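# Commentary on secondary and tertiary structure
Now for the letters of each chain:
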Amino acid sequence: DPTVVPPWGNANLGTNDYLNVCATAWEVDVPPNYFGWENAHSGSGYCGFFTWLPNTEYREYLLVPLISPLVAGQHYSFSAYFSVADFYCPSNHLGAYFSVNSPAITTNDAIPVDPQVEYIPEYLNDTSGWTLMTGCFQADGGEIYLTIGNFYNDSQTWADPDCQLDPIFGAYYYIDDVVVEAIDPPDPLDLELGGPYSACYEYLIAPGIPDVDYTWSDGSHGNTLLVTETGTYSLTITDGCRQGTDD
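Residues numbered from 1 in each chain as written. Predicted model: local features only at pLDDT ≥ 70, side-chain atom pairs only at ≥ 80, totals over all residues. Heavy atoms only, no water.

Our focus in this paragraph is the state of the cysteines. The final tally for this structure, using the stated rule, is one disulfide. Between the sulfur atoms of Cys-89 and its disulfide mate Cys-163 the distance is 1.9 Å. Judged by the sign of its S-S torsion, about -70°, the bond between Cys-89 and Cys-163 is left-handed. Residue Cys-89 is found in the loop between β7 (75–84) and β8 (95–99), and its partner Cys-163 is found in the loop between β11 (145–149) and β12 (171–183); the two are separated by 74 residues along the sequence. With respect to burial, Cys-89 and Cys-163 carry one shared label: buried. Just so you know, Cys-47 is unpaired, no disulfide at all, and the nearest cysteine sulfur is the one on Cys-22, 15 Å from it. Residue Cys-47 is classed as buried on the basis of its relative accessible area of 9%. (Disulfide = S-S within 2.5 Å. Helix = DSSP H or I, 4+ residues; strand = E, 2+ residues; numbered from the N terminus. Buried < 20%, exposed > 50% of the residue type's maximum accessible area, 1.4 Å probe, protein only.)

Okay, structure coming up:
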């Protein structure tokens, strides 16, 4: 339970774990423990939490108050290191949510909010080391709580299909070295769709920009958009920090 490292705590009834080299119980030791084997990214300990379990909606979240409220209009970066526990699979969502009020709920369910920062590649799947998740956002002002976890329900969450474990017991991540800091406004990403274009039946818009998250005007997120009707279509791309928009 991360309440042994205050002010970190839980955001629902799920029970996170705090693991440390000084633990007297092997289940929460470092580097070997109940969930797998991993050295701390720095220091002597880290936390762990479930982002998904099969056959039941169950989530665990890390919740912590910030040192001071975020300032309206200021840009901030979030970063943390994650590692998939050896005996579990990756799932397809990890995010960081900043809020004025605590989003804590009294069930084990997913917390239905939109995180400001998300891991853009679909699966964070390294079990032998640590992967940096980073992103940035502009604060609305007054946000004083940070919640980390998977904010999507079971209809939108699944295990990595490349996971070789059988059976699959769930998705469990170690987390270490969480940092939130103010930054200068990021430069926009270059995006030029060109046009106008004409075609007899359909037209495929394919910007070909790697390593970004796509959001089209119809709400889809593929890296291409097949157009079958006359109109103006827009695209927003982000690399987790910078953003670009064109139509």
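This is not the end of the story, as more comes after the structure.
This next bit is on the sheet that holds strand β17 (residues 243–246). Strand order in the open sheet formed by three strands is β14-β16-β17, with antiparallel pairing between adjacent strands. Across the chains shown, the open sheet's two edge strands, defined by having one partner strand only, are β14 (213–216) and β17. Going from strand to strand, the sheet's axes swing by 15° on average, the running direction of each strand aside. By the bridge criterion, four bridges tie strand β16 (residues 235–238) to β17 in an arrangement that is antiparallel. (Pairing = 2+ DSSP bridges. Axes fitted to C-alpha atoms, helices over the stretch in contact; angles between N-to-C directions.)

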